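Analysis of the macromolecular model
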Amino acid sequence: MPHVVVISMVDEVLKVINLKKYFTLRRGLLTSLIKREPPKVKAVDGVSFNVKRGEIFGLAGESGCGKTTTGRCILRLIEPTSGKIIFDGKDITNLSQGELKPLRKDMQIIFQDPYESLNPRMRVRDIIAEPLRIQRICKSRREEEEMVMKMLEEVELTPPEEFMNRLPHELSGGQRQRVAVARAFILKPKLIVADEPVSMLDISIRSEVLNVMLRERDTYGTSIIFITHDLSLARHICERIAIMYLGKIIEMGDVETILQEPKHPYTQALTAAVPIPDPDHKREIIPIKGEVPSALNPPSGCRFHPRCPYAKDTCGKIEPETITLEDGRLIACHLYTGK
Amino acid sequence: MSLQKLMEEHIKSLREFANTFFKNKFGVIGVAILSVFIFMAIFAPQISPYNPMDVKSIGVGKPFSPPAWIKIFNKDIPDDSVFGIMGTDELGRDIFSQIIYGSRISLIVGFAASFTAVFIGTIIGLIAGYYGGIIDEVLMRFADILLIIPGLPLMIVLAAILGPSIRNIILVIGITSWPSIARIIRSQVLTVKEMKFVEFARAAGCGDNYIIFKHILPNVMPLVYVNAAINIANAILIEAGLSFLGLGDPNNISWGMMLFFAEQYQALLRLAWWYIFPPGICILLVVLSFIFIGHALDEILNPRLRLRR
Amino acid sequence: MPLLQVKNLKTYYQTARGYVKAVDGVNFQIEEGEVFGLAGESGCGKTTVALSIIRLLPPGGRIIDGKIIFNDKNILTMSEEDIRKIRWKKIAIVFQGAMNALNPVIKVGDQIVEAITTHENVSKEDAWKRTEKLFEMVGIDPSRAKDYPHEFSGGMKQRVMIAMALACNPQLLIADEPATALDVIVQAQILKLMRELQRKMNLSMMLITHDLSIIAETCNKVAIMYAGKIVEYADTKRIFRDPQHPYTRGLINAFPSIRGPKRKLISIPGTPPDLLNPPSGCRFHPRCPYTNDKCKKIEPELKDIGERHYVACHMSW
């Protein structure tokens, strides 16, 4: 397939069009003889969105909704089944890993678990310098060292000389995560996928790491895809947000619009379920029951309809298309499509 | 606690490692025994009183002479019927010198064969575990076949075909004992490759070779060390076994071969215990020393064992 | 008379490098029918408090000092046999991730029946009937008692664990992060269920969590723990409206909320101390913005500043 070069709207760093990722389940020899089609988990099933330059875009939902898979597909860490990923005006969906290498300079990732994301046998200086070395940015060791030191200062691991030669186990969880932030930002990427970057940290440390990340973002104008299950946190970090349910985006728009006046019944339930640190707050009644069904056999029509308090006949039959409402939000729900 | 954190806890500078190692009783005993044998092997020409193959010493000692110190218990034995510290063999050669030179063969074969096996096993384990899919499938099935075939008969056949020489014995042992190592390494690779730092490296544009050698190999090395130590013990036993069956290199005296000749010349019937015990005990001690060292390494490097204590 | 009184509890863990002072002089009490919240970050000792109450400490853990008075009896001086009579029958506990504690090869109902029959002298039939009633109570169709654990979702399993905890009508239910591993909607459902059951059965409850918003929603009273000590202890509304200790303030400021004004999240600098060698004086002083010399030297006591609002801080607020 020829590479389609899309002339970009300058203010969009990433455009995802109808992205799908189906995982094929491995089966035993016997079952594969009986049934022809192997079972597929539709982890991501037709997701479209774009990320503006310098924007923090939230991707939120419960576990298993496909938010992490979407993030990894965007970086081509796993191969999407179909759809298009246009990064910085260039279609990267079908590039080989070799062709991608120079582009990797501009997209990075931060992971959730600070204990698993740093190689236990490498020193902090080598961990942070790794992207520099792979992309062959520095001409000398001195230059590399200077860049690493500057980065350590930026993430407030000071004095940098003290942290340079440490091994990961000599750092606390928060410090590790700052190393991960430094490593992701050292190439001044255009896009960072931050997959629950603070959800394993204690509250008192969490905001420190977040603030470091936000300041780096301000310095370099990096766009961030902030993947999270924590809507309260998303509200404070993101500018726009997409709510995912079983592999689909069901509502998307400005973060305050979506979280303060949710329109989709699922978003309504989700926002109502978030506990609020205020003892005077009267909890809203959560209208939905049950738990997220398996992505192996998702419900027909609107995937939310078996749990939806407003479900009609059409909901079980026809999948709602995504429409734009007057306030600019996108929503996929028959309550608003008029069907 | 995540595996990662456990692994990190066991990364220590060499000095710290040595400290923990020498706190371990097994480790200390193992190293002590082994250093005696290594000393023997290195300084064999200086230590051994005679040339082990020197039949001329018949002039001094008769065939099957018991060791000289036997006279403490039985003064009636004539002086010319006893010889040296460990007596003589069927040709009147000095057994003590043979034992000293024999340590060379045992250790060389042990180290070299184990190195071969660990080298092949590690490479195959890394490749199979990292790439997975059809490559993994093919390599592991091949390993399974080698594992299923009874080891000793295969080695006997191979040794017989290749002919008796040290190099061939090393090859035979190396080729037949890598599969179990490959399996162990592969399972560890499967765990490590799912870790996020590997994914980050990929996201940063690292190639497969870089990831395998920079990120995965260092994290499976502890396992490699443990397996190497235990494998040396195994290799020494196999060498002794093959030599005892007469498949050893006749130009180089080894403990297994001493037992082979002892058996051939009916040392047992002649009650020539000084011919049988020394090589037997030496094999036992060297093997034991490596097993102790392997055990100690395992306890230090393997988090699960440590937690149990 | 309160149902449970914890007085000057000290629980240390012995390690190769010395004693970890996980709980170091903790005082609080739980009245009948009260929901008491114990909040703090990981490693502050909150779970150790719970384990000390039921005397199920992991190897190396030892209660050094203090009293735990439950129904007028000191749990810490009881024989192992007596404590076994109290555990689960009088004081039940639901752990974080308890749902993974179900045996995968035994039917869920049978697991509860077995638990009931080992603790109480009842027939299998009666125990089964009670199990079905319990299932109904926690909102699961009783016919599902015949299913195996893997046929339940995470939230359902947690409901089963709650049912099991309530099987013998305990007086006190200790819930250690009961909903942490679950998704928000399920978490809200579980917490709602627990609140309802608590009210219906007039249970006393001790809720241990790191999440202040859950405390705000569920508890009447709350104690904030930091590095093995309670730093503030009061009525929940008071704590949130008028936090006194700098750590409590820091925590509340660090908590994002989905409602109310949007503000910058403020962090507490530094990291929690190593409990092998806790800082001298006030344990929070290395991270506190108001530290003075006194804080470094003298340990502040938990003092009532009025209306049973206890604070351990030298600053006179």
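This text gives an overview of the structure that appears in the document. Here the structure is a predicted model, which means the values were calculated and not measured.

Before going further, it helps to spend a moment on the layout of surface pockets. Taken as a whole, the second largest pocket spans an internal volume of roughly 540 Å³. Around the second largest pocket, the lining is made up of 23 residues, and of these Lys282(A), Arg195(C), Arg199(C), Glu217(C) and Thr218(C) lie nearest the centre. Breaking the lining of the second largest pocket down by element, the ones donating at least two residues are helix 6 (184-201), helix 7 (212-218) and helix 8 (236-241) of chain C. For the lining of the second largest pocket, the leading source of residues is helix 6 of chain C, giving five residues.

Residues and elements named next belong to chain B. Among the surface-exposed residues, Phe115, Phe119, Ile123, Ile127, Tyr131, Ile134, Ile135 and Val138 lie close enough to one another that they form a single nonpolar patch of about 780 Å² accessible area. Per-element tally for the nonpolar patch: the top contributor is helix 5 (residues 95-131), with five residues. Tracing the backbone shows Val138 in helix 6 (residues 133-148). Under the relative-accessibility criterion, Val138 is labelled exposed at 53%.

Moving on, we get to unusual backbone geometry. Residue Pro159(A) is reached from Thr158(A) by a cis peptide bond, and omega for that bond is -10°. Here Pro159(A) lies in the loop between helix 5 (141-154) and helix 6 (160-164). Despite not being glycine, Asn18(A) has its phi angle at roughly 45°, a positive value. Following the sequence through the fold, Asn18(A) ends up in strand 1 (residues 12-24). Here Arg55(C), not a glycine, exhibits a phi torsion of approximately 50°, which is positive. When you line up the elements, Arg55(C) lands in the loop between helix 1 (46-53) and strand 4 (61-70).

Where a strand is regular, its side chains alternate between the two sheet faces. Residue and element names in this part refer to chain C. Two elements, strand 1 (residues 4-15) and strand 4, share eight bridges in a ladder whose sense is antiparallel. Bridge pairing links Val6 to Ile68 in strand 4. Bridge count for strand 4 against strand 5 (residues 73-74) is two bridges, and the pairing is antiparallel. Bridge assignment links Phe70 to a residue of strand 5, and that residue is Lys73. Hairpin connection of strand 4 to strand 5: two residues between the antiparallel strands, including Asn71 at a positive phi of 50°.

Our focus in this paragraph is the side chain of Ser223(A). Residue and element names in this part refer to chain A. Secondary-structure assignment places Ser223 in strand 8 (residues 223-228). Only 2.9 Å separates the side chain of Ser223 from the backbone nitrogen of Gly54, close enough to count as a polar contact. Those residues in contact with Ser223 that lie beyond four places of it in its chain are Val13, Val51, Lys52, Arg53, Gly54, Glu55, Lys190, Leu191 and Ile192.

Turning to the arrangement of the chains, a few remarks are in order. Contacts between protein chains span two pairs of chains, and they are most numerous for chains A and C. At their nearest point, the C-alpha atoms of chain B and chain C are still 11 Å apart, with no contact between the two.

What follows is about the interface of chain A and chain B. Contact with chain A, which involves 25 residues of that partner, is made by 24 residues of chain B. Together chain A and chain B conceal approximately 2,500 Å² of surface at their shared face, both sides included; 59% is due to carbon and sulfur atoms. The three residues of chain A that bury the most area against chain B are Glu116(A), Pro120(A) and Arg121(A), which together make up 27% of that side's buried surface. One can count one salt bridge joining chain A with chain B. Across the salt bridge formed by Glu199(B) and Arg72(A), the nearest N and O atoms sit 2.5 Å from each other. Inspection of the chain A/chain B interface yields 11 residue pairs in polar contact (both at pLDDT 80 or more). Looking at the side of chain A that touches chain B, the elements with two or more residues in it are helix 3 (97-104), strand 6 (107-110), helix 4 (124-134) and helix 7 (173-185) of chain A. Classifying every residue of the side of chain A that touches chain B gives 12 nonpolar, five polar and eight charged.

Moving on, we come to the interface of chain A and chain C. Each side of the interface is counted separately: chain A has 42 residues, and chain C has 45 residues. Regarding the contact of chain A and chain C, the summed buried area is about 3,800 Å², with carbon and sulfur atoms giving 57% of it. Counting the contacts that link chain A with chain C gives two salt bridges. With a closest N to O distance of 3.6 Å, Asp280(A) and Lys237(C) form a salt bridge. Between chain A and chain C we count 17 residue pairs in polar contact (both at pLDDT 80 or more) in total. For the side of chain A that touches chain C, the elements supplying multiple residues, two or more each, are helix 8 (203-220), helix 9 (231-237), helix 10 (255-260) and helix 11 (265-273) of chain A. At seven residues, helix 8 of chain A tops the list of elements feeding residues into the side of chain A that touches chain C. Counted by class, the side of chain A that touches chain C contains 19 nonpolar, 11 polar and 12 charged residues.

Criteria and thresholds
- Residues numbered from 1 in each chain as written.
- Chains lettered and ligands numbered in written order.
- Predicted model: local features only at pLDDT ≥ 70, side-chain atom pairs only at ≥ 80, totals over all residues.
- Heavy atoms only, no water.
- 1 Å grid on protein atoms, 1.4 Å probe; cavity = no way out; pocket = protein on both sides within 12 Å on 5 of 7 lines; lining within 4 Å.
- Points joined across faces, edges and corners; volume = space filled by probe spheres on them.
- Helix = DSSP H or I, 4+ residues; strand = E, 2+ residues; numbered from the N terminus.
- Patch = residues over 30% accessible without salt bridge, like charges linked within 9 Å, V, L, I, M, F, W, Y side chains within 5 Å.
- Areas by Shrake-Rupley, 256 points an atom, 1.4 Å probe, with all protein chains shown as cover.
- Salt bridge = Lys/Arg side-chain N within 4 Å of Asp/Glu carboxyl O.
- Buried < 20%, exposed > 50% of the residue type's maximum accessible area, 1.4 Å probe, protein only.
- Pairing = 2+ DSSP bridges.
- Polar contact = N/O pair within 3.5 Å; in protein donor to acceptor, adjacent residues only side chain to side chain.
- Contact = heavy atoms within 4.5 Å.
- Buried area = accessible area lost by both parts, 1.4 Å probe.
- Nonpolar A, V, L, I, M, F, W, Y, C, P; charged D, E, K, R; others polar.

Everything listed is a geometric property; what it means functionally is a separate question.
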